[in-house]
Amino acid sequence: MSAASISKAEAAQSSGNWTKENLLKFGAVALQVVLVYVMFKAVRLESEAFRQILLTTAVVFPIHHLLPLRFRLPFFVLVSLGTIVSIMGVVSSAWLIGMGLILIGLCHVPLPINVRLGSMLLVVAILAVFRADWITAPWPSTIWPILGAMFMFRMIGYLYDLVHKSAPFSFWRSLAYFFMIPNICYPLFPVVDYQTYCRTYYNEDPYKIYQTGVKWLIRGAIQLVIYRFIYKFMIVGPAEIEGASGFFQHMVATFLLYLQVSGMFHTIIGLLHLFGFNLPETNHHYVLASSFTDFWRRINIYWKDFMMKVFFYPLFFRLRKLGATQGMILATLIAFFATWLLHAYQWYWLRGAFLFTVPDIIFWLVLGVLVTVSVWNESRSKKKIVPKTTAESAKLAAILAGKTVATFMTITFLWSLWTADSVAEWQATLLQLRRWDGEAVMKIVLVLGVLSAAAIVVGRDQWMVGAAAKQRAAKMKPFNFWQGAGTNVATSIFMTAMAVSQVQSYMNPTLVAVLDAIEHPSLNARDAAVLQRGYYEGLIQVDRFNAELQAMYNKRPKGYFVEWSAAMIAKRDDFLGVELTPSATITYEGAKYTTNEWGMRDKSYPKEKPAGVRRVGLIGSSHIMGWGVSDDQVCEVLAEDRLNAEGLHYELLNFAVAGYNSIQMALRLEQKMLDFQLDDVYLFCHRTEKQWIITYLVEQVMSGKEITEPFIREIVEKAGITPDMNEAVVKIRLSAYGTELLKWSLKRSADACRANGMRSVWIFTPDIGRVSTSTRDIDELKECAKEAGYDQVLDISDVFKGHTEKELMVSEYDDHSNALAHSLLADRIYQIVKSNGATIAGGAAAPGETAAATIAQ
Amino acid sequence: MSESTQDIQATVKEYLLEAFLPGEDPDSLAEDTPLISGGILDSISTVKLVTFLEEKYGVEFQAHEISSDNLETLADIANTIQTKRAAKG
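Quick caveat: nothing in here was measured; it's all calculated off a predicted structure.

Caption draft 1: Inspection of the overall build of chain A at higher detail. The helix and strand inventory of chain A stands at 38 helices and eleven strands. Every one of the 857 residues in chain A was classed for burial, and the buried ones make up 56%. Here the contacts in chain A between residues at least 6 apart in sequence split such that 76% fall between residues at least 24 apart. Accessible surface, chain A as shown: approximately 35,500 Å² in total, 63% of it carbon and sulfur.

Structure representation (structure tokens):
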């Protein structure tokens, strides 16, 4: 920290300088921090732990600011360490802080620098052995990602500055740097440069620094909200891509998921500003990059600066004897190679294994080459063109727009490869580019049109004479505190209000549904299907680009479902795949599960129906089977008890099995349910039904199991699937036949019911916490069910209305229905059964009749 | 004959205006205008500037000296050159 910066900070708040204006500014910042906390809480942004840190910041901010400058850094360190203890607990944090102190201490032992570096490498090698689990570590494994995030890169930069004596060092500075407050919540953390960290500490008017911090916290929040919108509503998985339009949406939306990182980084650095660290921006309009070097400079700026400092400049200074341009090109190529290697190294500390995948290698190789070519192009000393006429300006603006569009398209295209599970999967998605239609053209023109306009407006300094100077002059103008404060207060209040139910009651229901989905950090439909299917599949690889899915998995106990599956799931050799083990019982995660002698999660029933009883067979997946609740809490049991308590004679038989899809339901209906003399069959389906069918078929195909159903065999042949094909490619190819397969399976169930004199009822059942702006997929499911010939097609989308996701979920890592949700489902089943009784008494309903309106009451 | 700090600033300013800010009003580039954080100097132009300074003033830069501490403003650049020349004797 320079003397000049201290004097600026001291001057702004020394006792004699507590002017009325400064007092008002201080109060205004404190109020804004509270408002930002309320906003994060209302919109449920970031983790609970981060919101706790934000609350702590709101409380300690006034104390911190009122302290004399020399006490602030120690105070910041104490708050940071206290936060670590409160979030991680005493044992884990003692290990984390202890190991951190050893690493920092090693840098400063009074020995020659080479000995210190050697000792550091030795310690890191020992830690790497523990991280690989070759030796069991005595500390909890939970500390690894945070220890990694704190030290894996920052220690490199710190040592660099230590070796070159390019920054001041002290006990408090070092602790503040490595244990900085928000780090405990973020395994992925911006690589803050130590020299910059020291140089920017209170280097300006403190109120300007704080105000910038609040602004970036809000900017981060906005980016996180947009990210959630994209995640919930825009993402198209590789298997769901339809035509060029779908591929374009897939690549753009996948790229825009980076908004989460960018929002997170803004939030982190914004928070640090509130403690006086006037750190620079982490990302800057990266969507508007007009070349590959420009993209590299705008996205994750801290990473770029770290690579420049530690790799590019040292390499360039060694290589420039070959010539400046050659030196730059070689240094760039090596820096990119190091970037790829360091990503694998980062993966190792965070996840315990190196990341070496072909898409990853190709991505970094191609990007490295593109940036190098761009560097070569820029390094040639050509002069910038200065427009002299309007026509020249217009030409430059058009060139800028064109370059921005070209860069964006190339980067998003490359990104789609990077995020693919394999090159084969990516190639399969590329096949969709053969199918062009009006929608694809419209979508592309619209997105690229908006992008061009934004590039021209934001990048006017590049084509408008004098615009750059104007922009710089504007930046140099005295800081307008109150204008910034007003904007921050208005934005945070607006965002908070959008999340308040009383305000939402005045809004359009679709908008409310969107806001509700954004506020709930749950999985989108695609990921939810993956998560639920994963139950009996054992280990699933969590997509490294899917933070939501990863967070859900990370909360889940290790081996979740495995013990249950071993006791309750019986594998079959035929096409049905699995069923429940007959006469089994287990208490798992506090819930008791019992199956009867027929492999149903239900009490025992004879095959022969007793006289005077109406029998209803229920078939569905884990939701209806009652995963997560005890035997006596399952919706089917509750509904049956209620009906019989009223003196009615009903038997509800639960044939549902965890993980079943419509094909398996049809097979189970034919193989098992027909034996029980059922009067009615209720078939429960979810929004992700088609995905479940595809995932199931992929498993069957990949396992080499004989496909006994001629129709499915025909589809597999039509899709051109061969036994040696990559799993992802099989999935993409089969996905093209999702609707056909769904229709076939539903028709098969409906036909079986009709042929055996059973009334068939198809029921759309919602997933907890998943809202969509469009009901297109639900409408499609219902249409398919009607077409299949069900006697009744019902939609109970509103069954959970009025309850929050948290109230209905089994646990924070399992979004199956809990006891409350089952009681709501039971009420609805009870109504359906009773309503059907009335319908039957008054004459059979016409096939395909939709009774949602009456049932929904 | 050694140049004064003001002379160095003027020379560097002239170079920056010609190389990276053609057509700009010279008054828009003040001695405290942020060059790196303000986006005037990126990695490539920084390397070009350092090469220019080395050739013009006969000084040598080390990789770790390429930082905002030394190159953020015209004033910083002039001070760095003066310090290097003084150290060189």
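Next comes the rest of the write-up.
Caption draft 2: Highlighting the interface of chain A and chain B. At the junction of the two partners, chain A supplies 28 residues and chain B supplies 28 residues. Of all residues in chain A, the largest losses of buried area upon contact with chain B belong to Y313(A), F317(A) and R472(A), amounting jointly to 25% of the total for that side. Here R320(A) makes a salt bridge to E54(B), at a shortest N to O gap of 2.6 Å. On the surface where chain A and chain B come into contact, there are five residue pairs in polar contact (both at pLDDT 80 or more). When residues of the side of chain A that touches chain B are traced back to their parent elements, those giving at least two are helix 8 (154-164), helix 10 (194-199), helix 14 (292-298), helix 15 (301-319), helix 17 (358-379) and helix 21 (467-476) of chain A. By residue number, the principal contributor to the side of chain A that touches chain B is helix 15 of chain A, which donates six residues. Split into classes, the residues belonging to the side of chain A that touches chain B amount to 13 nonpolar, six polar and nine charged.

Caption draft 3: Representation of the pattern of salt bridges within the structure. Enumeration according to the criterion identifies 36 salt bridges over all chains in this entry. R199(A) is paired through a salt bridge with D69(B); the nearest N and O atoms lie 3.0 Å apart. Of this pair, R199(A) sits in helix 10 while D69(B) sits in helix 3 (residues 68-71), which puts the two residues in different chains. Among the residues examined, D69(B) registers a relative accessible area of 33% and is labelled partly exposed. One salt bridge in this structure joins R748(A) and E709(A), with 2.4 Å as the shortest N-O distance. Of the two residues, R748(A) is situated in helix 34 (residues 738-755) and E709(A) in the loop between helix 31 (689-702) and helix 32 (710-718); the sequence distance between them amounts to 39 residues. Exposure remark for E709(A): the relative accessible area of 10% places this residue in the buried category. Each of R572(A), D574(A), E579(A) and K672(A) takes part in a single network of salt bridges with overlapping partners.

Caption draft 4: Quick look at helix 3 (residues 48-66) of chain A. For helix 3 of chain A, built from 19 residues, the straight-helix expectation of 27 Å at 1.5 Å per residue is met to within 8% by its first-to-last C-alpha distance of 28 Å. Along helix 3 of chain A, the helix axis deviates most sharply at V60(A), where the bend reaches about 45 degrees; the proline P62(A) sits within four residues downstream.

Caption draft 5: Quick look at a nonpolar patch on the surface. Residue and element names in this part refer to chain A. A cluster of nonpolar side chains, contributed by L333, L365, V366, V369, V373 and W376, occupies part of the molecular surface with about 500 Å² of accessible area. Ranked by residues supplied to the nonpolar patch, first place goes to helix 17 with five residues. In this fold, V373 is placed in helix 17. Judged by its relative accessible area of 47%, V373 is partly exposed.

Caption draft 6: Molecular detail of the nonpolar core. Ranked by size, the top nonpolar core spans 188 residues in total, and within it L16(B) and L53(B) carry the most contacts. Of all the elements, helix 11 (residues 206-234) of chain A adds the most residues to this core, at 14 residues. When residues no more than four places from it in sequence are discounted, the contact partners of L16(B) are L21(B), L29(B), L35(B), L41(B), L49(B) and L74(B). A591(A), L741(A), M758(A) and I832(A) belong to the second largest nonpolar core, which has 102 residues in total.

Caption draft 7: Broad picture of the environment of N114(A). In this structure, N114(A) sits in helix 6 (residues 113-131). In this structure, the C-alpha to C-alpha distance between N114(A) and V163(A), residues 49 residues apart in sequence, is 9.4 Å.

Caption draft 8: Molecular detail of the side chain of T267(A). Residues and elements named next belong to chain A. With respect to the helices and strands, T267 occurs in helix 13 (residues 259-273). By relative accessible area, T267 is classed as buried at 0%. In terms of polar contacts, T267 uses its side chain to reach the backbone carbonyl oxygen of G263, at 2.6 Å. Among residues more than four places away in sequence, those in contact with T267 are F40, F50, Y186, W216, L217, G220, A221 and L224.

Caption draft 9: Examining the environment of L35(A) more closely. All names here are of chain A. Note that L35 resides in helix 2 (residues 20-42). We classify L35 as buried; its relative accessible area is 18%. Put simply, L35 and I493 are 458 residues apart on the chain and 7.1 Å apart in space, counted from C-alpha to C-alpha. For L35, the contacting residues outside a window of four places in its chain are V489, S492, I493 and T496.

Caption draft 10: View of the confidence of the model for chain A. All names here are of chain A. Mean pLDDT over chain A stands at 87; residues scoring 70 or higher make up 90%. The secondary-structure element of chain A with the lowest mean pLDDT is helix 38 (residues 852-855), recorded at 38, while helix 9 (residues 171-178) shows the highest, at 97. Between residues 531-545, whose pLDDT stays under 50, and residues either more than four places distant or in other chains, the model counts 49 contacts. Confidence over residues 840-857 falls short of pLDDT 50; this stretch has 33 contacts with residues more than four positions distant or in other chains.

Caption draft 11: Expanded view of the sheet that holds strand 7 (residues 680-685) of chain A. Residue and element names in this part refer to chain A. One open sheet holds the five strands; their spatial order is 6-5-7-8-9, and the pairing between them is parallel. Edge positions in the sheet fall to strand 6 (650-654) and strand 9 (792-795), since each of these pairs with one other strand and no more. Neighbouring strand axes in the sheet, compared pairwise and without regard to direction, differ in orientation by 20 degrees on average. Both strand 7 and strand 8 (residues 759-764) contribute to a ladder of six bridges, which runs parallel. Following the sheet pairing, F684 is matched in strand 8 by I763. Sitting on the sheet, helix 29 (residues 635-645) is in contact with strand 5 (614-619) and strand 6, with an inclination near 175 degrees to strand 6. Running at roughly 170 degrees to strand 7, helix 34 makes contact with strand 7 and strand 8 of the sheet.

Thresholds applied
Within each chain, residue numbers correspond to sequence positions counted from 1 in written order. Here the convention is simple: chains get letters from A, ligands get numbers from 1, in the order in which they are written. Totals for whole chains, interfaces and linings use all residues, but because this is a predicted model, local features are given only for residues with pLDDT of at least 70 and pairs of side-chain atoms are given and counted only at 80 or more. Only heavy atoms go into the side-chain values, all of them from the structure, while hydrogens and water stay out. Only DSSP runs of H or I with at least four residues qualify as helices, and only runs of E with at least two residues qualify as strands; both kinds are numbered from the N terminus onward. The rule is simple: take the accessible area with a 1.4 Å probe, protein chains only, and divide by the maximum for that residue type; under 20% is buried, over 50% is exposed, in between is partly exposed. Throughout, a contact is declared for two residues whenever any of their heavy atoms are within 4.5 Å. Values of accessible area rely on a 1.4 Å probe in the Shrake-Rupley scheme; residue burial ignores everything except the protein chains shown. In this description, buried area is defined as the sum, over both parts, of the accessible area (probe of 1.4 Å) that is lost when the two are combined. In what follows, salt bridge is the name for a side-chain nitrogen of Lys or Arg lying within 4 Å of a carboxyl oxygen of Asp or Glu. Definition of a polar contact: a pair of N or O atoms within 3.5 Å, with one able to donate and the other able to accept a hydrogen when the atoms are protein atoms, and with sequence-neighbouring residues admitted only if both atoms are side-chain atoms. We call Asp, Glu, Lys and Arg charged. Ala, Val, Leu, Ile, Met, Phe, Trp, Tyr, Cys and Pro are nonpolar, and the rest, Gly among them, are polar. By definition here, a helix of n residues has an expected span of 1.5 Å times n minus one. In this scheme, the bend at a residue equals the angle between the axes fitted to the seven residues that finish there and the seven that begin there. Patch criteria: residues need more than 30% relative accessible area and no salt bridge. Like-charged residues are merged within 9 Å; nonpolar side chains of Val, Leu, Ile, Met, Phe, Trp and Tyr are merged within 5 Å. In these notes, a set of buried Ala, Val, Leu, Ile, Met, Phe, Trp, Tyr and Cys residues joined through side-chain atoms within 4.5 Å is what counts as a nonpolar core. For every residue, the predictor states its confidence as a pLDDT score lying anywhere from 0 to 100. If DSSP finds at least two bridges between two strands, the strands pair. In this analysis an axis means a line fitted to C-alpha atoms, helices contributing only their contacting stretch, and an angle means the value between N-to-C directions, from 0 to 180 degrees.

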